[in-house]
Amino acid sequence: MTAMRFRQAIVTALADEMRADSSVMIFGEDVAVAEGPFKTSEGLLQEFGPLRVRDTPISEMAFTGAAVGAAIMGMKPVVEIMFMEFLGVALDQLVTEAAKLRYLSNGTLSVPIVVRASCGSGLGFGSQHSQTLENWVAATPGLKVVHLSDAQSAYSLMRAAIQDPDPVMVLEPRILYGERGEVDTSLKMTIGQARMIRSGGAITIVSLGQMVNVCKSAIEKSGIDVELIDLATVVPWDRAAVLNSVKKTGRLVVVEESPESGGWGSEIVATVTAELFGSLKGAPFRITTPDVPVPYSGVLETRYVPTDDDIVRQLTHAIGTGEKPKTWWQLEGIKK
Amino acid sequence: MTAMRFRQAIVTALADEMRADSSVMIFGEDVAVAEGPFKTSEGLLQEFGPLRVRDTPISEMAFTGAAVGAAIMGMKPVVEIMFMEFLGVALDQLVTEAAKLRYLSNGTLSVPIVVRASCGSGLGFGSQHSQTLENWVAATPGLKVVHLSDAQSAYSLMRAAIQDPDPVMVLEPRILYGERGEVDTSLKMTIGQARMIRSGGAITIVSLGQMVNVCKSAIEKSGIDVELIDLATVVPWDRAAVLNSVKKTGRLVVVEESPESGGWGSEIVATVTAELFGSLKGAPFRITTPDVPVPYSGVLETRYVPTDDDIVRQLTHAIGTGEKPKTWWQLEGIKK
Amino acid sequence: MKTSLQRRQDIKTDKIAQYERMVEIREFEEQINALFAAGLVRGSTHLCQGQEALDVGIAAVLRPDDVVLATYRGHGVALALGLTPESVLGEIMGKTNGCCGGVGGSMHMCDMSVGLLPTSAIVGAGIPIAAGAALAFQVQGKDNVGVAVFGDGASNIGAFHEGLNLAAIWKLPVIFICDNNVYGEYSRINTTTPIEDLHTRAESYNMPHFSLDGMDIAAVEKGMTEAVNRARSGGGPTLIEAKTYRFAGHSRADQALYRPAGELEQWQKRDPLKVTEEGLVASGLLTPEKIEKIKSDMKVRMQEVIETCSAAPEPTLASMFENIWTPVKASK
Amino acid sequence: MKTSLQRRQDIKTDKIAQYERMVEIREFEEQINALFAAGLVRGSTHLCQGQEALDVGIAAVLRPDDVVLATYRGHGVALALGLTPESVLGEIMGKTNGCCGGVGGSMHMCDMSVGLLPTSAIVGAGIPIAAGAALAFQVQGKDNVGVAVFGDGASNIGAFHEGLNLAAIWKLPVIFICDNNVYGEYSRINTTTPIEDLHTRAESYNMPHFSLDGMDIAAVEKGMTEAVNRARSGGGPTLIEAKTYRFAGHSRADQALYRPAGELEQWQKRDPLKVTEEGLVASGLLTPEKIEKIKSDMKVRMQEVIETCSAAPEPTLASMFENIWTPVKASK
Ligand SMILES: Cc1ncc(C[n+]2csc(CCOP(=O)(O)OP(=O)(O)O)c2C)c(N)n1
Ligand SMILES: Cc1ncc(C[n+]2csc(CCOP(=O)(O)OP(=O)(O)O)c2C)c(N)n1
Ligand SMILES: [Mg+2]
Ligand SMILES: [Mg+2]
């Protein structure tokens with residue numbers, strides 16, 4: 001085990017993969033000379049040289065597309081979308097090209113690209129630089145989507161993503177880049193497998209990304225015997241792990257950094273309900289952000305994402321009554 | 001009531017709005033001189049002239065962005081994205097700009113654009129021209145999304161969309177363009193309100209777009225007393241209508257032309273479950289497409305979307321057992 | 001039956017084989033038109049009559065281990081690169097003998113053995129992908145090239161700009177071929193684009209560029225050779241504008257009634273088949289009789305192809321679930 | 001307190017007021033830097049020291065009913081167009097007195113009363129939006145213009161290409177101002193772009209273009225006047241490249257250590273404040289003493305602004321739910 005920051009875990013994973021496989025290359029805006037806007041490629045240019053580590057123009061469509069072409073021809077490109085929102089100018093290449101080209105080649109080619117993007121709120125970047133936007137890349141057969149939650153998953157899932165023969169989107173909660181954690185570099189994680197963070201019998205929480213830490217803190221504060229699952233992979237998500245847990249606890253809550261409308265958690269709730277309807281002890285539900293653009297003001301942004309206190313309140317209510325609790329904005333009478 | 005084709009209902013709505021409001025204008029690829037790739041702007045150039053009806057270069061980002069700018073300055077632009085997938089090169093302007101600009105102007109401006117896109121499968125256009133992709137535009141506070149299902153909704157909802165002061169995305173099932181239907185041009189429909197297609201007591205079906213017809217046929221074949229709701233608006237969807245219906249029937253199935261993973265129906269199932277958990281008689285579930293790119297071959301594409309027969313089978317099973325039925329590909333042993 | 005690779009070798013230098021391939025493409029497209037009208041082909045089709053010299057000229061200069069990114073208007077490129085008419089028509093008919101097993105369709109042709117990456121139905125999408133293939137060659141130290149073939153209309157989309165700029169700054173071994181067939185869908189290029197010589201847009205990227213006569217296979221080969229040599233030797237990308245004309249409508253049943261009177265006829269005088277025939281006859285390689293024979297043989301051959309494809313099996317339901325993920329090898 | 005509209009009128013012709021506004025912008029940005037370092041400003045900041053002549057020059061030529069689409073590097077444009085330092089700083093501090101009530105932040109400045117549409121944090125996004133505003137003016141028969149201000153780096157993104165082409169083919173009354181401050185984030189423009197004079201990219205669209213000295217407000221006004229006159233009179237768009245230099249780092253704590261030694265100093269010799277001061281002194285409009293007074297007064301003023309904004313109320317929780325939808329009027 002080594003203590004390292006989340007962003008260092010990413011650098012280490014990139015470097016280890018680049019050492020292990022000479023076809024791995026990285027490019028993106030300011031990832032080479034400047035070593036990454038979030039310092040997630042520190043030392044890579046120096047170690048691997050300018051053929052494999054490249055700065056690009058501000059051209060997300062071009063460099064994502066270039067990754068697709070290079071991947072088909074034998075490279076394993078890792079590209080960086082600095083903020084997840086910027087994929088809005090390049091989504092075509094990932095979703096309509098990369099994810100479909102194996103299908104459209106009758107299985108004669110693969111597109112082993114990794115598209116990394118920082119995401120999430122909490123740092124005062126405003127409404128065009130703070131979303132998670134899993135919805136853009138969901139509903140895309142052929143594309144895998146993972147969302148990192150700590151240094152260990154950053155290291156292990158990044159390596160898994162690079163080793164994966166197909167396109168993988170990796171979401172990196174920006175707020176975690178500076179966080180320290182213990183990393184076991186020999187630990188392998190598999191895309192599509194959830195992480196059991198804490199086992200418990202009272203209720204299952206399924207969460208993701210930066211919300212995993214908030215859930216941990218809520219569990220500590222509440223003393224409730226929660227089973228906490230870090231879903232880790234959004235597509236294809238680990239149905240077995242979630243279903244087994246809810247079979248045991250009989251209760252499910254999904255805690256999300258995504259809006260009430262359109263967030264990924266609905267699929268978890270819907271699937272679990274459809275499969276385990278008869279054995280549920282209470283209404284499964286989601287704790288989400290409100291349906292608003294991410295506000296800038298610190299006072300507001302802090303409340304935009306679910307807080308530990310609010311999770312505690314909702315867990316307590318749900319276990320006590322079996323019913324879906326009200327949201328904080330309903331309680332405050334702001335919106336019904 | 002007038003009989004007209006779905007595409008004529010669209011033309012009529014556009015023309016009526018252009019007559020009523022001189023700020024309405026339309027542009028897109030080949031919508032002017034050629035009167036639209038799907039003939040959805042027939043006669044408009046002739047009647048309203050080249051200032052208000054324009055052909056654009058193949059530049060979805062530019063013309064969607066231009067619509068945003070023109071809307072802010074007092075126009076009501078309607079733009080056409082020929083196939084929904086092409087929004088993949090322009091999503092930024094709709095989701096990251098248009099939907100957020102009112103928020104980012106402290107409420108001092110509005111962005112009354114309508115982005116129309118043909119969508120859906122069934123016509124042999126292959127995997128890059130056949131999806132519905134509601135997920136791209138969901139989870140976007142500030143953006144409304146409607147999905148047309150027949151000539152009447154094409155007419156009435158198109159007018160509502162144009163009159164709406166905020167950005168609206170209108171999905172038009174391509175397969176319906178040639179279909180005839182009765183249109184009452186005095187009938188107003190409201191964005192956010194579902195349409196009750198058929199009331200019934202045994203089970204609630206929530207559907208959308210081209211699947212509404214398939215559901216109708218399934219209901220006829222099955223003889224089951226289904227309450228069929230055409231959701232019509234995907235965002236913000238009509239919670240009251242759906243909840244009231246399921247309160248009555250105790251059962252819910254969502255029939256979707258979108259994949260098992262990432263489709264819009266999960267949100268309906270999840271919300272209904274969370275709200276009405278105690279009063280459900282059986283597991284709510286979804287009937288979806290499989291998680292595959294839309295296949296080209298007619299033999300395959302026909303089975304890609306839910307068929308009436310398959311819906312009948314699933315309804316019967318669900319009402320009989322209270323459990324989620326298997327998908328056809330599970331039954332055929334293709335995928336578990 | 002010949003493999004696509006063998007068919008590709010056939011047209012490398014043999015002028016008669018090149019001409020035959022052009023005739024094959026023409027006859028193929030005419031038949032597709034008829035099959036579509038008869039309801040035997042579904043969806044859409046984008047035919048390339050008038051562009052045969054360009055397609056065959058490109059294929060003749062490239063090596064089979066170079067790669068090509070083309071578009072939905074890709075039957076000609078596919079046949080030129082070597083795909084058999086069976087594998088192209090089979091795909092268009094959605095049959096298992098199609099190059100994509102029938103799940104792709106008319107807009108999605110692919111054969112990695114001759115460097116045809118899946119043709120894209122999204123305007124401009126192939127441009128950065130071709131640059132990316134060239135990037136792989138550059139990093140791998142290979143002398144292969146990537147080629148993007150796209151239309152005049154595609155020169156107005158963002159991916160064109162970004163892709164050319166990226167290729168230029170990285171000096172990638174890629175050739176951008178703008179097939180200026182005068183129309184993008186139903187719009188004449190001058191109504192959407194304020195300049196006439198599209199290749200001059202390369203100036204924005206400090207990239208070599210020129211136009212060539214896309215109706216003349218010799219001109220195509222000459223221009224391609226220059227660009228390919230530059231790319232192979234590390235000189236970076238080139239933008240070529242091939243002046244051609246779309247003899248057919250844009251797609252499906254489009255009659256192209258929007259064309260100015262006489263325009264088609266003007267261009268038909270320079271029909272690439274005619275231009276090539278004249279050259280071959282002049283140089284004594286072919287006689288008018290032989291030309292007739294080639295054409296009538298091709299008609300017969302194409303009827304065989306249609307029969308083969310009509311008889312080919314439909315895909316099984318299971319096949320729509322295949323080839324989404326790469327099978328994972330036993331992990332370490 | 002003056003309204004933004006009054007502040008805008010102030011700088012229309014008054015050379016001293018223009019200079020004062022430039023000093024205001026400089027002092028404002030220096031203070032933001034300090035506030036950010038002190039943790040009083042969160043998120044990110046993108047400062048514009050070195051570009052004051054450009055920002056004020058643009059504002060001086062435009063009418064308040066023209067509209068401007070600028071970027072995250074927008075404090076200077078906002079102040080130049082008339083926004084009060086309180087409404088800009090209030091926004092940057094996330095307070096209710098900010099121009100966006102605190103929900104927007106440093107990257108999102110807006111004041112419709114002086115034509116500042118919300119600045120965009122997405123590179124290139126404002127380009128088609130400005131063209132669209134111009135489209136509205138064209139359809140409405142107004143002689144207003146739209147203006148997009150964007151960086152050198154933005155000239156490599158698809159929206160630039162598409163936006164300019166669309167504006168050109170429709171002859172829209174829009175001015176594209178490429179603020180070439182030599183860097184895009186940490187990348188020198190020559191490392192991402194294979195040409196030096198970015199304005200020449202307008203050739204691809206048959207659009208008039210030129211560069212100007214962005215450090216000299218007179219040059220900015222002259223160039224802007226030419227372009228604006230052309231636009232107002234139906235002559236269509238212009239691409240202007242303003243040669244400036246980003247004196248600060250890209251954002252936040254960036255020290256810009258990647259700059260070649262001496263480059264900053266070279267450009268500082270042409271500091272737009274200095275250039276303006278020299279002109280004003282030479283023409284007798286100001287003396288060195290008056291200049292000192294303006295600067296020291298501005299420091300005092302800016303401290304007041306900081307106090308006002310620090311004391312301004314934080315937004316209520318309810319405010320994040322506002323202004324998403326337009327309130328619907330009683331329907332017919
Ligand atoms: C991004 C995108 N926008 C629009 C279309 C619809 N479309 C298909 S072909 C075409 C015309 C393309 O014209 P051009 O590039 O000249 O190629 P050609 O068809 O003439 O070969 C258009 C607009 C598309 N496929 N992709
Ligand atoms: C589409 C997109 N890609 C990347 C970014 C990140 N980014 C913000 S500013 C910037 C540099 C822009 O450089 P330039 O256009 O020269 O403007 P300047 O910052 O110098 O004013 C980049 C890459 C972004 N905001 N949007
Ligand atoms: Mg064309
Ligand atoms: Mg710059």
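Here the residue numbering is sequential within each chain, running from 1 through the sequence in written order. A letter from A marks each chain and a number from 1 marks each ligand, given out in the order of writing. With pLDDT at 70 or above as the cut-off, local features in this predicted model cover only qualifying residues; side-chain atom pairs require 80 or more to be listed or tallied, and sums for whole chains, interfaces and linings still use all residues. Side-chain calculation: all heavy atoms of the structure are included, whereas hydrogens and water are not.

Participant: Can you help me understand the site of ligand 1 in this one?
Facilitator: For this purpose, a residue is taken to be near a molecule or strand whenever a single non-hydrogen atom of the residue falls within 4 Å of it. Surrounding ligand 1, one finds 21 residues, the nearest of these being Glu60 of chain B together with Arg73, Ala121, Asp152 and Gly153 of chain C. Residues within reach of ligand 1 are spread across chains B and C. Interatomic distance of 2.5 Å between a side-chain N/O atom of glutamate 60 of chain B and a nitrogen atom of ligand 1. Residue valine 123 of chain C places a main-chain N or O atom 3.0 Å away from a nitrogen atom belonging to ligand 1. Per-residue and other accessible areas follow the Shrake-Rupley method at a 1.4 Å probe size, with only the shown protein chains counted as cover for residues. Expressed as a share of its isolated accessible area of 580 Å², the protein-covered part of ligand 1 is 97%. Nitrogen and oxygen atoms within 3.5 Å of one another constitute a polar contact, given that in protein one can donate a hydrogen and the other can accept it, and given that sequence-neighbouring residues count only through two side-chain atoms.

Participant: Can you help me understand the pairing of strand β3 (residues 174–180) of chain D in this one?
Facilitator: Here is the key point about a regular strand: its side chains alternate between the two faces of the sheet. Residue and element names in this part refer to chain D. Within β3, seven of the seven residues are buried, which leaves it mostly tucked inside the rest of the structure. Burial classes: relative accessible area under 20% of the type maximum marks a residue as buried, over 50% as exposed, and values in between as partly exposed (1.4 Å probe, protein chains only). Numbering of helices and strands starts at the N terminus; helices are DSSP runs of H or I of at least 4 residues and strands are runs of E of at least 2. Side chains of β3 alternate between two faces, with Val174, Phe176, Cys178 and Asn180 and Ile175, Ile177 and Asp179 buried alike. Here a strand pair is declared whenever DSSP counts at least two bridges between the two strands. Summarising the sheet, strand β2 (residues 146–151) and β3 pair through six bridges and their orientation is parallel. Residue glycine 146 lies in a different strand from β3, and its bridge partner there is valine 174. With helix α7 (residues 158–169) bridging β2 and the parallel β3, this β-α-β connection has right-handed handedness. Bridge count between β3 and strand β7 (residues 238–243): six bridges; the pairing is parallel. Paired with phenylalanine 176 across the two strands is leucine 239, which belongs to β7. If you view a crossover with the strands going away from you and the path from the first strand over the helix to the second runs clockwise, you call it right-handed.

Participant: Teacher, can you tell me more about the sheet that holds strand β4 (residues 76–83) of chain A here?
Facilitator: Backbone-to-backbone hydrogen bonds pair the strands of a sheet. The strands run either parallel or antiparallel. All names here are of chain A. In spatial order, the strands read β3-β2-β4-β5-β7-β6-β12; together these seven strands make up an open sheet with mixed pairing. Among the strands making up the open sheet, the edge pair consists of β3 (53–55) and β12 (233–235). For this sheet, the mean angle separating the axes of adjacent strands, direction not counted, is 20°. Here strand β2 (residues 24–28) pairs with β4 via five bridges, running parallel. Paired with glycine 28 across the bridge in β4 is glutamate 80. This element, helix α1 (residues 6–20), spans β2, β3, β4, β5 (114–119) and β7 (168–173) of the sheet and lies at about 135° to β2. Angles run from 0 to 180 degrees between N-to-C directions of axes, and those axes are lines fitted to C-alpha atoms, restricted for helices to the stretch in contact. Contacts between residues were defined by any pair of non-hydrogen atoms, one from each residue, lying within 4.5 Å.

Participant: How should I be thinking about the coordination of the magnesium ion (ligand 3) in this particular structure?
Facilitator: Under ideal tetrahedral coordination, the four donors around a metal are separated by 109.5 degrees; under ideal octahedral coordination, the six donors are separated by 90 or 180 degrees. Each metal's donors are the N, O and S atoms found within 2.8 Å of it, except that Na, K and Ca use a 3.2 Å limit; water is left out, so coordination can look incomplete. Those protein atoms acting as donors to the magnesium ion (ligand 3) are Asp152 of chain C (OD), Asn181 of chain C (OD1) and Tyr183 of chain C (O), and they sit at 2.0 to 2.1 Å. When its relative accessible area of 1% is taken as the criterion, aspartate 152 of chain C is described as buried.

Participant: Could you clarify how one ought to interpret the environment of glycine 142 of chain B in this entry?
Facilitator: Counting through the fold element by element, glycine 142 of chain B comes out in the loop between α5 (134–137) and β6 (144–147). Taking the C-alpha atoms as reference, glycine 142 of chain B lies 8.2 Å from tyrosine 103 of chain B; in sequence the two are 39 residues apart.

Participant: I would appreciate a short explanation of the pattern of salt bridges in the present structure.
Facilitator: Pairing is possible between side chains of opposite charge, provided their charged atoms come close. For salt bridges, the criterion is a side-chain nitrogen of Lys or Arg within 4 Å of an Asp or Glu carboxyl oxygen. Evaluated as defined, the whole model comprises 74 salt bridges over all chains. For arginine 7 of chain A, the salt bridge goes to glutamate 42 of chain A, with nearest N and O atoms at 3.3 Å. Pair noted here: arginine 7 of chain A is in helix α1 and glutamate 42 of chain A is in the loop between β2 and α2 (44–52), with a separation of 35 residues, a long-range link. For aspartate 16 of chain B, the salt bridge goes to arginine 19 of chain B, with nearest N and O atoms at 2.7 Å. Residue aspartate 16 of chain B and its partner arginine 19 of chain B are both found in helix α1 (residues 6–20); the two are separated by three residues, about one turn of the helix. Assessed through its relative accessible area of 17%, aspartate 16 of chain B is described here as buried. Judged by its relative accessible area of 49%, arginine 19 of chain B is partly exposed. Residues joined in a network through salt bridges with shared partners are Asp16, Glu17, Arg19, Glu47 and Arg159 of chain A.

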